[in-house]
Amino acid sequence: MGTMRWFVNGVIRLGTSMLCRIDKLDLDTVPACGPLIVYTNHIGSLEVPLLFAHLQPRPVIGMAKAETWDSPFMAWLFNLWGAIPVRRGEVDMEALRKSLTALGRGDIFGIAPEGTRNRTGRLLRAHPGVVTLALRSGAPLLPMVHWGGERFRANLKRLRRTDFRVRVGRPFYLYAGDEKITRHVRQQMVDEMMYQLALLLPAEYRGAYSEVERATQKYLRYI
């Protein structure tokens, strides 16, 4: 399985490099070892294979909606990547357990807190599920953004390459001290995380987090 994953990721790296001009120098700043939660914006279907493949040789694990496994090909591909099926709209404790196990192995865990694609490229209000994973695992978080992929389909039809840009921010831990972790606190934590994404993005992509002057860092502890 390891050899097959290496081969598939190699094909994806080659294919995406041919179809896109990828500005990915920031990926060199991703830590080479140790558990890490990489969280990112979610524009379309391009960034998942692109980022998974270009972060090789580090294994990247992530969640995907359980319906993905209804397609035999997608089931094979996502199993190859070690993706974790999650039942949307409910608290999926099995998915959380598998995610914690992956981080315990020292893998990168990739997640998009928006929970769905923002097809315009502009950030949506995030869901706080990643907060539970970060607090339970104690793993550091790394903000990563990308843009340009929302033009991929249109450019492909016109036989044009797509400019795909990646930026990586500073790693940090979530820390609440003795404060009770309420629903409100979890949402404030994830909003602080999302403002870190917004600050890495051009202004036109910031969406629900456009008012960066309102960003706080009460629960962030930088490494």
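Just above, that's the structure.
Not measured: the values here are computed from a predicted model. Think of each chain on its own: its residues are numbered from 1, step by step along the sequence as written. Per-residue local features of the predicted model are confined to residues with pLDDT of at least 70, and side-chain atom pairs are confined, for both listing and counting, to 80 or more; whole-chain, interface and lining totals are unaffected and use all residues. Side-chain metrics rest on all non-hydrogen atoms present in the structure, leaving aside hydrogens and water.

*Asks:* Any chance you could explain the overall build of the protein chain here in plain terms?
*Replies:* Secondary structure summary: the protein chain contains 7 helices and 9 strands in total. Only C-alpha atoms enter the radius of gyration; for comparison, a globular chain is expected to reach 2.2 Å times N to the power 0.38, where N is the number of residues. Radius of gyration (C-alpha) of the protein chain: 17 Å, near the 17 Å computed for a compact globule of 223 residues. Think of it in three bands: with a 1.4 Å probe and only protein chains considered, a residue is buried below 20% of the maximum accessible area for its type, exposed above 50%, and partly exposed in between. Per-residue burial over the protein chain gives 46% buried out of 223 residues. Pairs of residues are marked as contacts when any of their non-hydrogen atoms sit within 4.5 Å. For the protein chain, the proportion of contacts with a sequence separation of at least 24, taken over those separated by at least 6, is 75%. If you sum the accessible surface of the protein chain, you get close to 11,900 Å²; carbon and sulfur atoms cover 56% of it. Distance between charge centroids for the protein chain: 4 Å, based on 32 positive and 20 negative side chains. Secondary structure follows DSSP: runs of H or I at least 4 residues long count as helices, runs of E at least 2 residues long count as strands, and numbering of each begins at the N terminus. For accessible areas, the Shrake-Rupley method is used with a probe of radius 1.4 Å. Any residue's cover is judged against the shown protein chains and nothing else. In this tally Asp and Glu are treated as negative and Lys and Arg as positive; neither His nor the chain ends contributes. Note that the charge is assigned to NZ on lysines, CZ on arginines, CG on aspartates and CD on glutamates.

*Asks:* Please explain unusual backbone geometry as it appears in this structure.
*Replies:* Residues apart from glycine generally show negative phi values, whereas peptide bonds are mostly found in trans. The phi dihedral of Leu159 is positive, around 55 degrees, even though this residue is not glycine. Here Leu159 lies in the loop between helix 6 (152–157) and strand 7 (162–168).

*Asks:* Could you clarify how one ought to interpret the packing of helix 4 (residues 93–104) against helix 5 (residues 129–137) in this entry?
*Replies:* Packed helices, taken two at a time, are described by the angle between their axes plus the distance between the axes. Axes here mean lines fitted to C-alpha atoms, for a helix over just the part in contact, with angles spanning 0 to 180 degrees between N-to-C directions. Between helix 4 and helix 5, whose axes approach to 10 Å, the crossing angle comes to 45 degrees. The orientation of helix 4 with respect to helix 5, classified from their angle, is oblique. Between helix 4 and helix 5 lies a crossing whose hand is right-handed. Side by side, helix 4 and helix 5 meet where Met93, Leu96, Ser99, Leu100 and Leu103 of the first sit next to Thr132, Leu133, Arg136 and Ser137 of the second. Of the residues belonging to the contact of helix 4 with helix 5, the class tally is 5 nonpolar, 3 polar and 1 charged. Just so you know how the angles are binned, under 35 degrees is roughly parallel, over 145 roughly antiparallel, 65 to 115 roughly perpendicular, and the rest oblique. The hand of a helix crossing depends on one turn: near helix anticlockwise from the far one by less than a right angle means left-handed, and clockwise means right-handed. Following the grouping adopted for this structure description, the nonpolar residues are Ala, Val, Leu, Ile, Met, Phe, Trp, Tyr, Cys and Pro, the charged ones are Asp, Glu, Lys and Arg, and the polar ones are all others, Gly among them.

*Asks:* Teacher, can you tell me more about the environment of Ala134 here?
*Replies:* Following the sequence through the fold, Ala134 ends up in helix 5. C-alpha separation for the pair Ala134 and Leu103, spaced 31 residues apart in sequence, amounts to 9.8 Å. Setting aside anything within four residues of it in sequence, one finds Ala134 in contact with Ile37, Ala139, Leu141 and Leu174.

*Asks:* How should I be thinking about the pairing of strand 7 in this particular structure?
*Replies:* For a regular strand, side chains alternate in direction, first toward one face of the sheet and then toward the other. Of the two faces of strand 7, only one is covered, namely that formed by Thr162, Phe164, Val166 and Val168; the face formed by Asp163, Arg165 and Arg167 stays uncovered. Here strand 1 (residues 20–23) runs beside strand 7; their pairing, made up of 4 bridges, is parallel. Its bridge partner being in strand 7, Arg21 is matched across the sheet by Asp163. When strand 6 (residues 141–147) meets strand 7, the two strands line up antiparallel, connected through 4 bridges. Among the inter-strand pairings, His146 is bridged to a residue of strand 7, identified as Val166. Strands pair, by our definition, only if DSSP identifies at least two bridges between them.

Without other data, these values stay purely geometric and don't point to any function.
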